[in-house]
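Residues per chain are reported as follows:
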Amino acid sequence: MAIRVNLITGRTIQQGVSMEAGKEKPAYTTACGIIELDPADFKKLGAFRNTNVRVTSKYGSVIVKAVEATQGPHPGVAYIPMGPWANMVVNPNTYSTGMPTFKGTPVEVEVAKNEPVLSSLELVRKGCRGELA
Amino acid sequence: MTKTVTDVICPFCGTLCDDLEVVVSNDGQELLEVYNACAIGAEKFLHSQAKDRITRPRMRQEDGSWKEISYDDAIEYTARMLTDAKKPLMYGWSSTNCEAQAVGSEIGELVGAVMDNTATVCHGTSLIAVQDIGIPSCTLGEVKNRADRILFWGCNPAHAHPRHMSRYSIFPRGFFTGKGHTGRKVIVVDPRPTDTASVADVHLQVEQGRDYELLNAFRVAFKGEQLPDVVAGIPKEKIYEAAETLKSGRFVIIFFGMGVTQSLGKNHNIDEAIAVTRDLNEYTKAAIMPMRGHYNVTGSGQVWGWLFGFPYAVDLSRGFARYNPGETTSNDLLRRDEVDAVFVLGSDPGAHFPFSSVKKIYDRPSVAIDPHETPTTEVCRVHVPVAFVGVEVGGCAYRMDNVPIETRKVVEPPEGMMTDEEFLKHVLARVKEIQGE
């Protein structure tokens, strides 16, 4: 069962620390390869915490781990920390301002238990070579 | 034996903390401890000591593997790529010093590049708004010493500028703010109850993307005019109350972040936030300040401001400086295939641009200058590692309030490693040679 939520992105302190420690390291994937969902949205999705999910928008799709919102409640709003995972699905249109629309992308979230969350380097490499499912 | 270097500047965020203490080995070769920094700043200093750090330039091979090359080869590749291109994009410039930015700008002028910095995905829309209607601003010192009403709009300093609240905005005791946080009223506007909101007196959980409406409602409330029952998800009573809180202050400061610059409305959201500040000045003293992200993104705006007259998205391809956000901005250029080579220094578009733009970098000749291994180095043809500015080399940086601060060198870079400025100077010399041929 898929749910529809409004996706926003941004910095978290874990994102900042793991980014400075090296974006090739697993800690960066742990910090940013996630989607923060409200408990109410978890209920609708019918999934346990820490389940891998596929997040899909008009602009792309990515596998991330669904975790409970750390700065909630915010039902209907989902949060992926800024980084390559979020950027697979955000709205790239700038509407003549130069600024892609990083906040406020409608996305669909569905359980994808058996699919892995790729590391940052793997994700962009495979994406660029057209090797992503 | 060790020695302690005091008053070290932190090269992470725009707060540019200047009170760090760093313990280094007596010979200055090894960095051992960092005091006073936030978790992110400390990690930045410590990561310079990583044993697996890449110390020589490398070029990607046909099969996707890396081959080590010399700095001379990297300089030659970069200079050729830039001179061969009809319209190269030279992007980044925010995690480096002003000296390197100036050399880079000279290269950009010679090769007819488009120069763009990270404001393009950060506070670029704020800069457009400032050009539209101006900005009544102040320094962080004034905030610390005078501000008794603090409004954080669409920003979360607890995570993005971790020491901002303790050094300048909420907790410090200043000249006219001797009671510290007990003398201040803090309002946070954010679609999430963030960690910053948890230390605020009032949190207005605005509906995502409805900032313009709420800002406009504040202007109505200041004048005591009628509001609908609910605006942007906030009951009108709360808006009137917050508006009164702001009006009753002696000095109001509005800090704003990506929540308003990246949501729909973009520069118009900032227009309205500045108009709120202007209106507040009818009743009290008010100022507004963007929460700049990279430690020297403000500096690159300054350098280009005095060199070209524009703070970002400067197109030099016609031999003179043009500026038209939406046309000369990195993501628009990449998505429309209007640049034919990409040079990145002091930023990571591979991680922080929408993927459709990242793919375009991969498809072109490209060079990434970065101390770290990043998604950008992963998609570029050549990666040139350099010394960390603010750790292994000093130089000028501008804080988010446009105050220049000289960063300090605290430790030696790995042997034989170039700085941004040295590498760029070599590229500049080579570009001049090639163009003279």
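Residues numbered from 1 in each chain as written. Chains lettered and ligands numbered in written order. Predicted model: local features only at pLDDT ≥ 70, side-chain atom pairs only at ≥ 80, totals over all residues.

So, the domain arrangement of chain B
Residue and element names in this part refer to chain B.
Then, in step 1: According to the domain assignment, chain B contains domain 1 (2–47), domain 2 (58–121 + 295–436) and domain 3 (124–290).
Then, in step 2: Each of domain 2 and domain 3 was reduced to a C-alpha centroid, and the two centroids are 34 Å apart.
Then, in step 3: Taken together, the contacts link 10 residues of domain 2 with seven residues of domain 3.
Then, in step 4: Here the residues of the side of domain 2 that touches domain 3 are counted per class, giving six nonpolar, two polar and two charged. (Domains from an automatic or database assignment. Contact = placed C-beta atoms within 7 Å. Nonpolar A, V, L, I, M, F, W, Y, C, P; charged D, E, K, R; others polar.)

Quick look at the sheet that holds strand S18 (residues 366–369) of chain B
What holds strands together in a sheet is hydrogen bonding between their backbones, with the strands either parallel or antiparallel.
Then, in step 1: Within the open sheet, the nine strands sit side by side as S5-S4-S19-S18-S17-S6-S7-S15-S16 (chain B). Their pairing is mixed. Across the chains shown, the open sheet's two edge strands, defined by having one partner strand only, are strand S5 (66–68) and strand S16 (322–323) of chain B. (Pairing = 2+ DSSP bridges. Helix = DSSP H or I, 4+ residues; strand = E, 2+ residues; numbered from the N terminus.)

Some details on the pairing of strand S20 (residues 395–398) of chain B
Residue and element names in this part refer to chain B.
Then, in step 1: In the sheet, S20 pairs with strand S21 (residues 404–407) via four bridges, with the strands oriented antiparallel. Residue Cys396 lies in a different strand from S21, and its bridge partner there is Glu406.
Then, in step 2: Hairpin connection of S20 to S21: five residues between the antiparallel strands, including Asn402 at a positive phi of 70°.

Focus: helix H1 (residues 39–47) of chain B
Then, in step 1: Taken together, the buried positions of H1 of chain B are Ile40, Gly41, Ala42, Lys44, Phe45 and His47 of chain B.
Then, in step 2: Buried residues along H1 of chain B sit in contact with helix H1 (13–21) of chain A together with strand S2 (20–25) and strand S3 (31–35) of chain B. (Buried ≥ 20, exposed ≤ 12 C-beta atoms within 10 Å, placed from the backbone.)

Quick word on the nonpolar core
Then, in step 1: Among the nonpolar cores identified, the biggest contains 175 residues, and Ile35 of chain A together with Leu82, Ile253, Ile254 and Ala273 of chain B are the most heavily contacted of them.
Then, in step 2: Beyond its immediate chain neighbours, meaning those up to four positions away, Ile254 of chain B contacts Leu151, Trp153, Ala273, Val276, Thr277 and Ile288 of chain B. (Core = buried A, V, L, I, M, F, W, Y, C linked by C-beta atoms within 7 Å.)

Let's talk about the packing of helix H8 (residues 211–222) of chain B against helix H11 (residues 267–280) of chain B
Residues and elements named next belong to chain B.
Then, in step 1: Between H8 and H11, the shortest axis-to-axis distance is 9 Å and the interhelical angle comes to 15°. The pairing of H8 with H11 is recorded here as roughly parallel in orientation. For the pair H8 and H11, the sense of crossing is left-handed. Seen from H8, the contacting residues are Asp211, Tyr212, Leu215, Asn216, Phe218, Arg219 and Phe222; seen from H11, they are His268, Asn269, Glu272, Ala273, Ala275, Val276, Asp279 and Leu280.
Then, in step 2: In terms of residue class, the contact of H8 with H11 is built from eight nonpolar, three polar and four charged. (Axes fitted to C-alpha atoms, helices over the stretch in contact; angles between N-to-C directions. Parallel < 35°, antiparallel > 145°, perpendicular 65-115°, else oblique. Left-handed = near helix turned anticlockwise from the far one by under 90°.)

Describing the interface of chain A and chain B
Then, in step 1: Contact residues are listed per partner, giving 42 residues for chain A and 54 residues for chain B.
Then, in step 2: Considering each element in turn, the side of chain A that touches chain B owes the most residues, six residues, to helix H5 (residues 120–128) of chain A.

Things to note about the UniProt feature "domain: Molybdopterin dinucleotide-binding" (unreviewed entry) in chain A
Then, in step 1: Under the UniProt annotation, the feature "domain: Molybdopterin dinucleotide-binding" (unreviewed entry) is placed at residues 6–106 of chain A.
Then, in step 2: The straight-line gap between the two end C-alpha atoms of residues 6–106 of chain A is 5 Å; of that span, 27% is helix and 32% is strand. (UniProt positions renumbered as here; feature names shortened; annotations may be inferred.)

With respect to the pairing of strand S7 (residues 114–117) of chain B
All names here are of chain B.
Then, in step 1: Neither face of S7 is exposed, since Val114 and Asp116 on one face and Met115 and Asn117 on the opposite face are all buried.
Then, in step 2: Bridge analysis of strand S6 (residues 88–92) against S7 gives four bridges, and the strand direction is parallel. Within S7, the residue paired with Tyr91 across the bridge is Asp116.
Then, in step 3: Between the parallel elements S6 and S7, the chain passes through helix H3 (residues 98–111) in a crossover that is right-handed.
Then, in step 4: Pairing geometry for S7 and strand S15 (residues 314–315), over two bridges, is antiparallel. Along S15, the bridge assignment pairs Met115 with Val314. (Right-handed = clockwise from strand over helix to strand, strands pointing away.)

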